[in-house]
Amino acid sequence: MTMKTPILAQLFLIACCISFVSCGEQKTGSEASEMETQSDEIVETRASPLRRVEGTVAGKQLKVQYGSPAVKGRAIWGDLVPYNEVWRTGANEATYLEFTQDLKVHGQTLPAGKYSLFTIPRESGPWTVIFNSEWDLEHGHYQYKEEHDVLRVSADPTWEESSQEWLMIEIVSGGLVVKWEKLKLPISIE
């Protein structure tokens, strides 16, 4: 009987050690959910929140995803967003559109697919709107390559009296509208 006690004590000690080590490695269901929530909060609290918009234009389903920067008292046009240079039309990764039926953009056919959206702002006159086949660009216009352009069209901006703090891309009956600061850029889609 005296021989069994040290062996049982050792087995008990080993079992406690294994239990202690494994508790540190595994997460319970509530702990795992808590981690996912924290991850979601990080995405939501980034400086330019990720926005997703879905809608119908001319009976065709359209999805848009973009980073939504804020003005934050900054000079936007011609400064933060330079004139005559390709802009990712949002923040962070490239803005992209996805649709399963061909569209007419300013009267020109854009085949069904997924495209990044870029613009070239101008101080006066129409802006260039670009649909590029390289839609999954992590750093927006820094990775942009003109040879992947599928369609370029011209769109006339208007300037509003009131200011839009956060960049918004809306799906409306006539296409898309990009709004930021005092800019309103309609992109005709049918």
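Relevant structure appears above.
What this report covers is the structure whose coordinates are included nearby. (Residues numbered from 1 in each chain as written. Predicted model: local features only at pLDDT ≥ 70, side-chain atom pairs only at ≥ 80, totals over all residues. Heavy atoms only, no water.)

Remark: a regular strand shows side chains that alternate across the two faces of the sheet. Burial analysis of strand S2 (residues 60-67) places 6 of its 8 residues in the buried class, the great majority of the element. Judged from the 8 bridges that link them, strand S1 (residues 50-57) and S2 form a sheet pairing that is antiparallel. Bridging from a neighbouring strand, Arg51 pairs with Tyr66 of S2. By the bridge criterion, 4 bridges tie S2 to strand S3 (residues 96-99) in an arrangement that is antiparallel. (Buried < 20%, exposed > 50% of the residue type's maximum accessible area, 1.4 Å probe, protein only. Helix = DSSP H or I, 4+ residues; strand = E, 2+ residues; numbered from the N terminus. Pairing = 2+ DSSP bridges.)

In total, this model carries 9 aromatic pairs according to the counting rule given. Here the aromatic rings of Trp77 and Trp127 are separated by 5.3 Å at their centres, their planes lie at 65°, and the arrangement is edge-to-face. With Trp77 in the loop between S2 and S3 and Trp127 in strand S7 (residues 127-132), this pair connects stretches of sequence that are 50 residues apart. Trp127 matches Trp77 in its accessibility class, with the two residues each being buried. When the ring of Trp77 is compared with that of Trp159, the centres are 6.2 Å apart and the planes differ by 70°; the resulting orientation is edge-to-face. Here Trp77 is found in the loop between S2 and S3, whereas its partner Trp159 is found in strand S9 (residues 158-172), with 82 residues between them in sequence. Residue Trp77 is classed as buried on the basis of its relative accessible area, which comes to 12%. Given the relative accessible area of 41%, Trp159 is considered partly exposed. One aromatic cluster in this structure is built from Trp77, Trp87, Trp127, Trp159 and Trp180. Across the ring face of Trp135, the terminal group of Lys114 is positioned such that the distance to the ring centre comes to 3.7 Å. (Phe/Tyr/Trp six-rings, centres within 6.5 Å; stacked < 30°, edge-to-face > 60°. Lys NZ or Arg CZ within 6 Å of the ring centre and 35° of its normal.)

Moving on: unusual backbone geometry. For residues that are not glycine, phi is negative in most cases, and the peptide bond is trans in most cases. The phi angle at Ala58 is positive, at roughly 55°, despite the residue not being glycine. Looking at where Ala58 falls in the secondary structure, it is placed in the loop between S1 and S2.

Turning next to the sheet that holds S2. Reading across from one edge, S1-S2-S3-S6-S7-S8 is the order of the 6 strands in this open sheet, with antiparallel pairing throughout. Two strands bound the open sheet, and with one partner strand each, they are S1 and strand S8 (149-155). The average undirected angle you get between the axes of adjacent strands in this sheet is 25°. Here strand S6 (residues 113-120) pairs with S7 via 5 bridges, running antiparallel. Each residue of the ladder has a partner; that of Phe118, found in S7, is Ile130. (Axes fitted to C-alpha atoms, helices over the stretch in contact; angles between N-to-C directions.)

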